[in-house]
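A closer look at the structure
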Amino acid sequence: MKLPDLTELALRNLRESLLRNSLTTIGISVGVASLVAMLSLGIGLQQLASRRLMKSGLFDTVVVTSRRDLRNFNRDEERSGPAPAESRILDEATRQEIEHLPNVAEAYPDIRFITELRYDDKPHLTTIAALPASAKSNDAFESVQGRFFSSDTAPEAILQKAFAEELLGKTPKPGIDETNVKDLAAPLLGKELTMHYAQRDATANTLSADAGAKNAAGGDASLAGAAYSVVSREQKLKIVGVADLDPESMRGPARARVFLPLKMAESLHVMQPTDLREISRAASDQPVYSSVSVRVKNPSQIQQVEDAVKKMGFNAFSILDASKSIQQFFKVLDVFLGIFGSLALAVAFIGIVNTLVMAILERRREIGIMKAVGASDGDVKKLFFAEAGAMGILGGVAGVALGWAIGQVINAGTNIYLKSQSFPPEHFWSVPWWLVGFALLFSFLVSLAAGLYPAGRAARLDPVQALRYE
Amino acid sequence: MGETLIRAVDGVTLTVRAGEFVALLGSSGSGKSSVLNLIAGLDRPTSGSVVVNERDLAQLSREELSRYRLHTVGMVFQSFNLIASMTLAENVELPMRFAEVDRGKRDSLAQEALARVGLQARMNHRPSELSGGEQQRAALARALINRPKLLLADEPTGNLDSHTGTEIMNLVSEFNQQLGMTVVMVTHERALAERYAQRLIFLADGKLIGDESNSTAAATSRAGRERP
């Protein structure tokens, strides 16, 4: 039988027992809808997480440290490669070299130091970090109270919420961490902080005898320029913003609570903890960095950049390594959601088998007639397949629409809740086209598989037997 | 439920010439319907052979048998066996669907066949809207739609009153005489058989008990045999 004829006959047969076939089709559509709903939830959550990570500025950042630095991340894979002693020094020249690697948007020194800040004449000890101008797009500063730095050299500071609390003498009670940033920011914005710090000052080379002896032992003449003096200085900073989120969550306990513009921080020449060690190697006129943050142009290129940096002889760490396990988590989540979604489709599968087996009993005579007038086993089989397939396609289309609608409703409902909790709305529901195609195909294939047994049974029906019963 | 072997037809040997009108007579259970099903290719003999047009049906595959039913045999039944959900035109063109005839050609052939049995006005009606006689006429139209050489009729008038039965038998006779179709009809009414058939074959308990030619009707004989 030709396909158009087959389709027409199949649809006609479906219309004949409209109620039963509609119910079966609704069963399929509910199954497909639950599959679509589950998978689009998984995909949506994954996209939300990726979006969040991307915006956080962590996803596109590689942290580069020298191998002989203590501050590496001490992971197993870092131990391979050149021995620490052979590793290069992370100075301004190498920073520029890294910045000129392909796919690198910028490479900026990671300036962070612990020092004393005075507010209201009370001292507060904290970690201070410098931020490049590009950090403005960072998710953490999206909801900043006040504003971002007016320029990269402005003597301004952005406080992390916890430090703002400390300045105001509000110790957060454990469990109740819901202090409104707005309330914290109001009395602080525009106020002045005084930062006391140790400046590393390049001085004329007047080596002591002690250093000279060391020099002779090392046999390195360039070390002659590595002397500097440390001067205590003061810098006034204007508080321009208070950030709710923690932009440095990746760094764990080392994270800073006060942020300065990068160029301004660089110009201060603050004594870095690593300076004490690097003194024996670096040339005095070149700043040496404990670590350099490299921002790539596109998160997809992060692996190449990481490899290129490692080839240069440095340690490189990116959140990508961490995100791999996140992606793995979402894969597992998708599989679980898919399995739960498929359960309803499995029930629908049984529904199709049942409907078609009933149809064989009911249409026994009809099958006999068709065979008597010349239908082959194949014709009968194809007819039942076509009926199953048609139910599958109809159910699939309805199911995708239903699943999409369920998703929209849940999305809208959740956003209403988020809004009531004064969170920004989120789009955590995604039905990509490939999912629509996959769901339709899946529903069609499941239906055909369900038709397999009934179609075979109908085809094998003995026409003499079938026609005998009235 | 047991696998008791029933010998519905046992040792029957008969030959039907092309163009003949043969009546199979016997009481119920005599095996006459079984003989018809064997000729129709709906059933296979456990032993022996059924040769139609020099082809042994017992040797054909299921697929070949269905093609044989499609192109060589037209069948009518006591209970008409039209598909209730289809109109007359659709019922009549059903065999052509299986023969993969184009839709346009199908429509005109179906109309032609329905016109031949006088039902062109009812072509869009469903079987349930028609009388028994009209349904059997539609079944006859369906039986001749693929231009088969052989018309098999299983008690075609069994569910009809005598007047309508006569109408149907006239049509069957017409197909035999005008279209040259070989007709094998199963019936238990001897009078009907004597009136239309050229040859009467009597069966009882699956065995052939009589084979007499009937002088009332005359038809041309051609080559070809059926020998269940």
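All values derive from a computational prediction rather than experimental measurement.

What follows is about the overall build of chain A. Secondary structure assignment for chain A yields 15 helices and 11 strands. Residue burial in chain A is summarised as follows: out of 470 residues, 39% are buried. Counting only contacts in chain A whose residues sit at least 6 apart along the sequence, the fraction spanning at least 24 positions is 84%.

By definition, the strands of a sheet pair up through backbone hydrogen bonds, in either a parallel or an antiparallel sense. Residues and elements named next belong to chain A. Pairing in this open sheet of 4 strands is antiparallel, and the strands run β2-β10-β1-β11 from one edge to the other. Unpaired on one side and paired on the other, β2 (104-109) and β11 (314-318) mark the two borders of the sheet. Pairs of neighbouring strands in the sheet enclose a mean axial angle of 25 degrees, with direction left out of account. When strand β1 (residues 61-66) meets β11, the two strands line up antiparallel, connected through 5 bridges. Bridge pairing in β11 places S66 opposite F314. Helix-sheet contacts for helix α10 (residues 302-311) involve β1, β2, β10 (291-296) and β11, and the interaxial angle to β11 is about 160 degrees.

With that settled, consider helix α6 (residues 181-188) of chain A. All names here are of chain A. Within α6, burial applies to L184, A185 and L188. For α6, the angular spread of the buried residues around the axis is 95 degrees, confining them to a single face. For α6, the exposed residues lying more than 90 degrees away from the buried face are K182, A186 and P187. Among the residues trailing α6, G190 stands out with phi positive, at a value near 85 degrees.

This paragraph deals with the nonpolar core. The nonpolar side chains of a soluble globular protein tend to be buried with one another. If you look at the biggest cluster of nonpolar residues, it comprises 120 residues, and the most contacted ones within it are A:V36, B:L24, B:L114, B:A141 and B:L152. Of all the elements, helix α2 (residues 18-55) of chain A adds the most residues to this core, at 11 residues. Non-local contacts of B:A141, meaning those with residues more than four positions away in its chain, are made with B:V92, B:A113, B:L114, B:R116, B:V117 and B:L119. Judged by nonpolar contacts, the second largest core, of 53 residues, contains A:V64, A:A107, A:Y197 and A:V258.

With that settled, consider the sheet that holds strand β6 (residues 182-187) of chain B. Residue and element names in this part refer to chain B. The sheet built from 6 strands is open, its strands ordered β4-β5-β6-β1-β7-β8 with mixed pairing. Both outer strands of the open sheet, β4 (73-76) and β8 (207-213), are each paired with one neighbouring strand and no more. Sheet twist, expressed as the average angle between the axes of neighbouring strands with direction ignored, equals 15 degrees. When β4 meets strand β5 (residues 150-154), the two strands line up parallel, connected through 4 bridges. Across the sheet, residue V76 finds its bridge partner in β5, namely A153. Sheet contacts for helix α5 (residues 132-144): β4 and β5; angle to β4, the most-contacted strand, approximately 170 degrees. Here helix α6 (residues 162-178) sits on the sheet and contacts β1 (21-25), β5 and β6; the angle it forms with β5, its principal contact strand, is near 160 degrees.

Now for the interface of chain A and chain B. At the interface, 19 residues of chain A touch 20 residues of chain B. No other element matches the 4 residues that helix α12 (residues 364-372) of chain A contributes to the side of chain A that touches chain B. Its residues placed into classes, the side of chain A that touches chain B shows 8 nonpolar, 2 polar and 9 charged.

This part takes up the packing of helix α3 (residues 88-98) of chain B against helix α4 (residues 103-116) of chain B. All names here are of chain B. At a minimum axis distance of 9 Å, the contact between α3 and α4 shows a crossing angle of 115 degrees. By crossing handedness, the relation of α3 to α4 is classed as right-handed. The residues of α4 that touch α3, namely those facing L88, A89, V92, E93 and M96, are R106, L109, A110, A113 and L114. Taken together, the residues of the contact of α3 with α4 break down into 8 nonpolar, no polar and 2 charged.

Residue and element names in this part refer to chain B. Where α5 meets α6, the closest approach of the two axes is 9 Å, and the angle between their N-to-C directions is 15 degrees. Our classification of the angle between α5 and α6 gives roughly parallel. As for how α5 packs across α6, the hand of that crossing is right-handed. Touching G132, G133, Q136, R137, L140 and L144 of α5 are T164, E167, I168, L171 and F175, all from α6. Among the residues forming the contact of α5 with α6, the class breakdown is 5 nonpolar, 4 polar and 2 charged.

Tracing the chain through its elements places A:D152 in the loop between β5 (145-146) and β6 (156-160). Each C-alpha atom, one on A:D152 and one on A:A265, is 9.1 Å from the other, the two residues being 113 residues apart in sequence.

Basis of the calculations
Residues numbered from 1 in each chain as written. Chains lettered and ligands numbered in written order. Predicted model: local features only at pLDDT ≥ 70, side-chain atom pairs only at ≥ 80, totals over all residues. Helix = DSSP H or I, 4+ residues; strand = E, 2+ residues; numbered from the N terminus. Buried ≥ 20, exposed ≤ 12 C-beta atoms within 10 Å, placed from the backbone. Contact = placed C-beta atoms within 7 Å. Pairing = 2+ DSSP bridges. Axes fitted to C-alpha atoms, helices over the stretch in contact; angles between N-to-C directions. Arc of directions from axis to C-beta. Core = buried A, V, L, I, M, F, W, Y, C linked by C-beta atoms within 7 Å. Nonpolar A, V, L, I, M, F, W, Y, C, P; charged D, E, K, R; others polar. Left-handed = near helix turned anticlockwise from the far one by under 90°. Parallel < 35°, antiparallel > 145°, perpendicular 65-115°, else oblique.

Without other data, these values stay purely geometric and don't point to any function.
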